[in-house]
Amino acid sequence: MNSTSLNTLSDQILEAIRRRPSSHFAIDKLARKNRCEKSDIIFAVDLLRQAGYEIESDKEGRIRFVSAPDLLLAAEITNRLKTKVIGRKVYAYKSVQSTNTIASQLADAKAPEGSIVVAESQTKGRGRLGREWHSPVGTGIYLSIILYPKIDPVKAPGLSVMTAVSLAETIAAYKPKTVHIKWPNDCLVNGRKVAGILTELSAEIGHTNYVVVGVGINVNQRRRDFPKEISRRATSLRAELRQEIHRVEFLQKFLTNFEKDYRRFKKSGLKNLRKQFLQYSNLIGKKVNLDMSGNIISGRAIDIDQNGGLVMETPGGIQTFNAGEVTVMKKPRRL
Ligand code: BTN
């Protein structure tokens, strides 16, 4: 479980040399400025190169920043990120069991609001309803966001709905043919799932201690990378857009949208976000089956309520549901 923050000297050098990418920096000057030996600078630059940064050296003992890797490193994520709270503190790992588990531990230890945990891979990524989240190395984004909203725990599902809106907005900016949210919070591109959300909370009656919003996004997987059992339902942004997506850039755009939507959520709950959710929803007006641990309810999906519950017109009247797996009923084929 390696944390992927580089050492402080590497971070400082990176910050200095990427600020002026066309300039050459003399190693002895950098050493004097950072009050260390030249060998410390050489070691710090080697660490950066090992992490994937391209840094040129010349015969005069000078270095120059060339390019950064598309890796979920703290320095990359925070570089030019304009948010005020979300993603200001980044805990970045190469591999973890689940970013949600780490985020809960950090929230227990009072990590600042908006801190994020990211990983290049997960060995026990969790999905909703006890499922596994396939988390291969380097191609997806596995992210958990730590929040301390002052809300009644019954309102927490609304944060999943809000997150789905932020995700859909971020994906829509890449202009795929279609983007949909499948209640409660799956994001579909061209009818297949590209992202899922797992919101977990620590709460007492009437009081939320913290919320961890876990987001898994299939970014650069190829079709053949998906396990057989999910390959018909799952896809990646790359597969649908037919182009590789810069993960750090996508993540920064998502964090920016999330911060804006979270501010609105804290102010007025789902009141203003509901309209956007309904625009992206692929269920409203349709006949659906809702599977609640084997108990199937059939009806027409008509709305979402202020807590993010699905409102359905059923034979027994209008009912609201807070959990379950929805499938749209197929229209009977004409003979
Ligand atoms: C789902 O659609 O079932 C929800 C999937 C959520 C997956 C993400 S990946 C980052 C975070 N850590 C986890 O273990 N799960 C969530």
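Since the model is a prediction, treat every value here as computed from it, not as a measurement.

1. Details of the overall build of the chain
Next, step 1: Assigned secondary structure in the chain consists of nine helices and 15 strands.
Next, step 2: Here the C-alpha radius of gyration of the chain, 22 Å, is about what a compact globule of 335 residues would show, namely 20 Å.
Next, step 3: Overall, the chain is about 80 × 50 × 30 Å in size when its C-alpha atoms are taken along their principal axes.
Next, step 4: For the chain, the proportion of contacts with a sequence separation of at least 24, taken over those separated by at least 6, is 63%.
Next, step 5: Surface accessibility of the chain: about 17,600 Å² in total, with carbon and sulfur atoms responsible for 49%.

2. Looking at the packing of helix 6 (residues 157–172) against helix 8 (residues 247–268)
Next, step 1: One way to put it is that helix 6 packs onto helix 8 with a least axis distance of 9 Å and a crossing angle of 140°. One element, helix 6, and the other, helix 8, form an angle in the oblique class. As for the relative orientation of helix 6 and helix 8, their crossing is right-handed in sense. Residues G158, L159, M162, T163, V165, S166, L167, E169, T170 and I171 of helix 6 form the contact with helix 8, whose own contacting residues are F250, K253, F254, N257, F258, K260, D261, Y262 and F265.
Next, step 2: Of the residues in the contact of helix 6 with helix 8, the class split is 10 nonpolar, five polar and four charged.

3. Digging into helix 8
Each α-helix winds once per 3.6 residues, and so residues spaced three or four apart point in a common direction.
Next, step 1: The terminal C-alpha atoms of helix 8 lie 31 Å apart, and with 22 residues this matches the ideal 32 Å at 1.5 Å per residue to within 8%.
Next, step 2: G269 sits one or two residues past helix 8 and shows a positive phi near 60°.

4. Re the domain arrangement of the chain
Next, step 1: Structurally, the chain comprises domain 1 (3–67), domain 2 (74–280) and domain 3 (287–328).
Next, step 2: Each of domain 2 and domain 3 was reduced to a C-alpha centroid, and the two centroids are 24 Å apart.
Next, step 3: Taken together, the contact between domain 2 and domain 3 spans 15 residues of the former and 15 residues of the latter.
Next, step 4: Carbon and sulfur atoms make up 54% of the surface buried where domain 2 meets domain 3, a total of about 1,200 Å² over both sides.
Next, step 5: The tally of links from domain 2 across to domain 3 stands at four salt bridges.
Next, step 6: Put simply, K182 and E325 hold a salt bridge, and the shortest N to O gap is 3.4 Å.

5. As for the site of the ligand
Next, step 1: What surrounds the ligand is a group of 19 residues, the closest being S98, Q122, R126, R128 and K193.
Next, step 2: Interatomic distance of 2.6 Å between a backbone N/O atom of R128 and an oxygen atom of the ligand.
Next, step 3: Across the complex, the protein chains shield 98% of the 410 Å² of accessible surface that the ligand would expose by itself.
Next, step 4: Here the ligand occupies the largest pocket.
Next, step 5: At the level of elements, helix 5 (99–108), strand 6 (140–147), strand 9 (192–204) and strand 10 (207–218) are the ones that each hand at least two residues to the shell around the ligand.

6. Quick notes on the packing of helix 1 (residues 8–19) against helix 3 (residues 38–50)
Next, step 1: For the pair helix 1 and helix 3, the least separation of the axes is 9 Å and the interaxial angle reads 80°. The pairing of helix 1 with helix 3 is recorded here as roughly perpendicular in orientation. Residues L9, S10, I13 and L14 of helix 1 form the contact with helix 3, whose participating residues are D40, I41, A44, V45, L47 and L48.
Next, step 2: Residues that form the contact of helix 1 with helix 3 fall into these classes: eight nonpolar, one polar and one charged.

7. Things to note about helix 6
Next, step 1: Helix length check: helix 6 (16 residues) gives 23 Å between terminal C-alpha atoms against 22 Å at 1.5 Å per residue, within 8%.
Next, step 2: Among the 16 residues of helix 6, 14 are classified as buried, and the element is accordingly described as predominantly covered.

8. With respect to the layout of surface pockets
Where empty space is left becomes clear once a probe the size of a water molecule has been rolled over the atoms.
Next, step 1: Considered as a void within the structure, the largest pocket measures approximately 1,000 Å³ in volume.
Next, step 2: As for the largest pocket, its lining consists of 42 residues, of which R131, W133, D186, K193 and R233 are closest to the centre.
Next, step 3: Elements with a minimum of two residues in the lining of the largest pocket: helix 5, strand 6, strand 7 (179–182), strand 8 (186–189), strand 9, strand 10 and strand 15 (325–328).
Next, step 4: With five residues, strand 9 is the largest single contributor of residues to the lining of the largest pocket.
Next, step 5: Partitioned by chemical class, the residues of the lining of the largest pocket number 13 nonpolar, 17 polar and 12 charged.
Next, step 6: Residue assignment places the lining of the largest pocket across two domains, with domain 2 (74–280) and domain 3 (287–328) each supplying three or more.

9. Side note on the sheet that holds strand 3 (residues 62–67)
Next, step 1: Read from one edge to the other, the open sheet built from three strands follows the order 1-3-2, with strand pairing classed as antiparallel. Strands with a single pairing partner mark the edges of an open sheet, and in this sheet they are strand 1 (25–26) and strand 2 (54–57).
Next, step 2: With four bridges connecting them, strand 2 and strand 3 associate as antiparallel partners. Note on strand 3: the bridge partner recorded for S57 is I63.
Next, step 3: Contacts from helix 1 reach strand 1, strand 2 and strand 3, with the element oriented near 80° to strand 3.

10. A look at the side chain of Q122
Next, step 1: Structurally, the position occupied by Q122 is in strand 5 (residues 116–122).
Next, step 2: From its side chain, Q122 meets the backbone nitrogen of T99 in a polar contact 2.8 Å long.
Next, step 3: A distance of 3.0 Å separates polar atoms of two side chains, one belonging to Q122 and the other to S135.

What counts, and where the lines are drawn
- Note that residues are indexed from 1 along each chain, following the sequence as it is written.
- The predicted nature of this model means local features are confined to residues of pLDDT at least 70 and side-chain atom pairs, given and counted, to a pLDDT of 80 or more, with totals for whole chains, interfaces and linings taken over all residues.
- Only heavy atoms go into the side-chain values, all of them from the structure, while hydrogens and water stay out.
- Strands are runs of DSSP state E lasting at least two residues, helices are runs of H or I lasting at least four, and both sets are numbered from the N terminus onward.
- Based on C-alpha atoms, the radius of gyration is set beside the globule rule, defined as 2.2 Å times the residue count to the power 0.38.
- Any two residues whose heavy atoms approach within 4.5 Å are treated as being in contact.
- Areas reported as accessible are Shrake-Rupley estimates using a 1.4 Å probe. Residue values count occlusion only from the protein chains shown.
- Axis definition: a line fit to C-alpha positions, over the contact stretch in the case of helices; interaxial angles, taken between N-to-C directions, run 0 to 180 degrees.
- Oblique is the label for every angle not falling under 35 degrees (roughly parallel), over 145 degrees (roughly antiparallel), or within 65 to 115 degrees (roughly perpendicular).
- Each crossing gets its handedness from the near helix: less than a right angle anticlockwise from the far helix is left-handed, clockwise is right-handed.
- Residue polarity follows a fixed list, in which Ala, Val, Leu, Ile, Met, Phe, Trp, Tyr, Cys and Pro are nonpolar, Asp, Glu, Lys and Arg are charged, and the others, Gly among them, are polar.
- Residue count minus one, scaled by 1.5 Å, sets the expected span of a helix.
- Bear in mind that the domain bounds are from an automatic or database domain assignment.
- Put simply, buried area is the surface a 1.4 Å probe can reach on two separate parts but cannot reach once they are joined, added for both.
- Put simply, a salt bridge is a Lys or Arg side-chain nitrogen that is within 4 Å of an Asp or Glu carboxyl oxygen.
- Consider each residue's heavy atoms; a residue with any of them within 4 Å of a molecule or strand counts as near.
- Any N or O atom pair separated by 3.5 Å or less is treated as a polar contact, with the protein-specific requirement of one donor-capable and one acceptor-capable atom, and with residues adjacent in sequence counted only for side-chain atom pairs.
- For each structure, a 1 Å grid was placed over the protein atoms alone; sets of points admitting a 1.4 Å probe that cannot get out are labelled cavities, open sets with protein on both sides within 12 Å along at least five of seven lines are labelled pockets, and lining residues have an atom within 4 Å of a point.
- Should more than half of a molecule's atoms lie within 2 Å of a pocket's or cavity's grid points, that molecule is taken to sit in it.
- Only protein chains enter the accessibility calculation, which uses a 1.4 Å probe; a residue whose area is less than 20% of its type maximum is buried, one above 50% is exposed, and one in between is partly exposed.
- Grid points are joined across faces, edges and corners, and a volume is the space filled by probe spheres set on the points.
- Paired strands, as defined in this entry, are two strands with at least two bridges between them according to DSSP.

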